[in-house]
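Remarks on the overall topology
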Amino acid sequence: MDSYKEEQLRLKALEEYKVLDSLPEKMYDDITMIASHICEMPIVLLSLVDDKRQFFKSKVGVDVNETPVEFAVCYHAILSQQELFEVPDLREDDRFKDNPLVTEGPKMVSYFGVPLKNSEGIAFGTLCVISQDKPKILSDRQKVILKKLAKQVIHLLELRKQNFELKRYQEEIAYYSSQMEEFAHTAAHDLRAPLRAVKSFLQLIEMRREGQLDEKEQKYFQFINTNVDTMNQLIVDLLDYAKSDSKIDEKETIELNAFMEQIFNNLVEHHHSSDSNLVLKIMPTIYYSKLALHMIFYNLIDNALKYRSQNRTLEVKINYKSDLFHYYFEVEDNGIGIATEYYDTIFKPFKRLHTKSEYAGSGLGLATVKKIIQKLGGTITVKSVLGKGTTFLITIPKE
């Protein structure tokens, strides 16, 4: 490999670590102190070499933070491609005897440097130990330990790079999430506007032709109205699904019993299901995301009302308990139930177990619930008996 290409690869590696000119960090300083103690050397450098200088991320025995690259013995160590670059006496080596770091302060004498290489084998720095005033040697054991310490430096730098990459990914996810929510809001507004217009004109036509529509025409109008309402609800559900990735970290005080009762009563009125009962265990007031809890329990109670048995009064039970770290909820109903083989299917977007003519819905409710709970760091599972009812078990962390 030519020297120019090698230098470019080294600069690229250093840029990925984002370590040049960074402040001292204890974890690196601990390694250089250990190297000084184990190797019994007064000078230890964690040196990173770019095209103009060597920067000391950590150092023992010197005061400067960097030196020009032309004075860097570490640069020679990098170019050597050796596992351990050794110079027994810099004062007698033609490459270094006139180096001001040898002739003047800190008067370096013996040099032992382990090149630091990334996963692609590109050397970009060294962990080196240096004697002063007189030559010293390292035992085989000391050399082995120095190499192992250099590997720990690489591990720390790789973790540093991964942390930066993770932060960048998180920023990208946050950006795309906000873009998605903005798009969903815009799309919902733009799509619902013409639907409202269609609905209004249908009602106007029906009013003008009141008493003149035959049975077939009435069915046509009913079909159109039903599909307009279905489309409107699908847009609303898509918006909720998109929103489930954002704003759920905003917390407020929630009195759980009143909160659940309000959701239940609103949905009973919406479904015109007056023969429905809610049984609540006494629950506390908690500090949590109201948006997240509303979307979770709204969809679960809505499902219970949709998939109720026609042979009995609907009963929805919500149980609660907690420990030091989690809240546990159970939402139980006595509806039509779910067959075991569909336990996973029900949480997938647009997956439905019944036709729209049997039960209304978009197939996004439980997918939204699971998405929110996973974002909270929790879990949701289901157990059910066909013809008898279904129970959803929810675990969400307190923090």
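Looking at unusual backbone geometry
The step from Gly105 to Pro106 runs through a cis peptide bond, and the omega angle for that step is 5°. With respect to the helices, strands and loops of the structure, Pro106 is situated in the loop between α4 (100–103) and β5 (108–117).

Concerning the pattern of salt bridges
Going through the model one piece at a time under the given rule, you end up with 23 salt bridges. Between Glu16 and Lys12 there is a salt bridge; the shortest N-O distance is 2.7 Å. Here Glu16 pairs with Lys12, and both are found in helix α1 (residues 3–17), just four residues apart, close to one helical turn. Accessibility expressed as a relative area gives 30% for Glu16, which makes it partly exposed. Residue Lys12 is classed as partly exposed on the basis of its relative accessible area of 46%. The closest approach of N and O atoms between Lys161 and Glu158, which form a salt bridge, is 3.8 Å. Separated by three residues within a single helix, Lys161 and Glu158 lie in helix α5 (residues 140–208), roughly one turn from each other. For Lys161, a relative accessible area of 13% puts it in the buried group. A network of salt bridges, in which partner residues are shared, links Lys12, Glu16, Glu158 and Lys161.

Points about the packing of helix α7 (residues 256–271) against helix α8 (residues 290–306)
Two elements in contact, α7 and α8, have axes separated by 10 Å at closest approach and are oriented at 45°. Taken together, the axis directions place α7 and α8 in an arrangement best described as oblique. At the point where α7 passes α8, the crossing takes the right-handed sense. Contacts between α7 and α8 pair Leu256, Phe259, Met260, Ile263, Phe264, Leu267, Val268 and His271 from the former with Lys290, Leu293, His294, Phe297, Tyr298, Ile301, Asp302, Leu305 and Lys306 from the latter.

Points about helix α2 (residues 26–39)
Taking 1.5 Å per residue as the helical rise, α2 with its 14 residues ought to reach 20 Å, and the 20 Å between its terminal C-alpha atoms agrees with that figure. Taken residue by residue, α2 has Tyr28, Ile31, Thr32, Ala35, Ser36 and Cys39 as its buried positions. Down the axis of α2, the smallest arc covering the buried residues is 135°, so these residues share one side. Exposed and facing more than 90 degrees away from the buried side of α2 are Lys26, Met33 and His37. Positive phi shows up at Glu40, right after α2, with a value of about 55°.

What about the packing of α8 against helix α9 (residues 365–376)?
Across the interface, α8 lies against α9 with an axial gap of 9 Å and an inter-helix angle of 150°. As summarised for this structure, α8 and α9 are arranged roughly antiparallel, according to the angle between their axes. Of the two elements, α8 crosses α9, and the hand of that crossing is left-handed. Facing α8, whose interface residues are Ala292, Met295, Ile296, Asn299, Leu300 and Asn303, α9 presents Gly365, Leu366, Thr368, Val369, Ile372, Ile373 and Leu376. Tallied by class, residues from the contact of α8 with α9 come to nine nonpolar, four polar and no charged.

Here we look at the packing of aromatic side chains
All chains considered together, the criterion is met by seven aromatic pairs. Consider the rings of Tyr17 and Phe124, whose centres lie 5.1 Å apart with planes at 45°: the pair is tilted. Residue Tyr17 is found in helix α1, and its partner Phe124 is found in strand β6 (residues 123–132); the two are separated by 107 residues along the sequence. As far as burial versus exposure is concerned, Tyr17 and Phe124 are alike and both buried. With a centroid separation of 6.3 Å and an interplanar angle of 80°, the aromatic rings of Phe347 and Phe392 are classed as edge-to-face. Of this pair, Phe347 sits in the loop between β11 (326–333) and α9 while Phe392 sits in strand β13 (residues 389–397), and the two are 45 residues apart along the sequence. Taken together, the aromatic side chains of Tyr288, Phe297, Tyr320, Tyr327 and Phe329 make up a single cluster linked through ring pairs.

So, how was this worked out
- Residue positions are given per chain, counting from 1 as you read along its sequence in written order.
- Restriction of local features to residues with pLDDT of at least 70 applies here, the model being predicted, together with a cutoff of 80 or more for giving and counting side-chain atom pairs; totals for whole chains, interfaces and linings are based on all residues.
- The side-chain numbers reported here are obtained from all heavy atoms of the structure, hydrogens and water having been left aside.
- Runs of E in the DSSP output that reach at least two residues are strands. Runs of H or I that reach at least four are helices, and both are numbered from the N terminus.
- What makes a salt bridge here is a side-chain nitrogen of Lys or Arg within 4 Å of a carboxyl oxygen of Asp or Glu, nothing more.
- For every residue, the accessible area (1.4 Å probe, protein chains only) is compared with the maximum for its type, and the residue is labelled buried under 20%, exposed over 50%, or partly exposed between those bounds.
- To obtain each axis, a line is fitted to C-alpha atoms, and for helices this fit is confined to the stretch in contact; angles are then taken between N-to-C directions over 0 to 180 degrees.
- Orientation is classified from the angle alone, with under 35 degrees giving roughly parallel, over 145 giving roughly antiparallel, 65 to 115 giving roughly perpendicular, and any other angle giving oblique.
- Should the near helix be turned anticlockwise from the far one by less than a right angle, the crossing is termed left-handed; should it be turned clockwise, right-handed.
- Here, residues are in contact when the closest pair of their heavy atoms is within 4.5 Å.
- Given a helix with a known number of residues, its expected span is that number minus one, times 1.5 Å.
- Of all possible arcs, the one meant is that of the directions from the helix axis to the C-beta atoms.
- Just so you know the grouping, Ala, Val, Leu, Ile, Met, Phe, Trp, Tyr, Cys and Pro go in nonpolar, Asp, Glu, Lys and Arg go in charged, and all remaining residues, Gly too, go in polar.
- Ring pairs are drawn from Phe, Tyr and Trp, using the six-membered ring of Trp, whenever the two centres fall within 6.5 Å, and their geometry is named by plane angle: stacked under 30 degrees, edge-to-face over 60, tilted for the rest.

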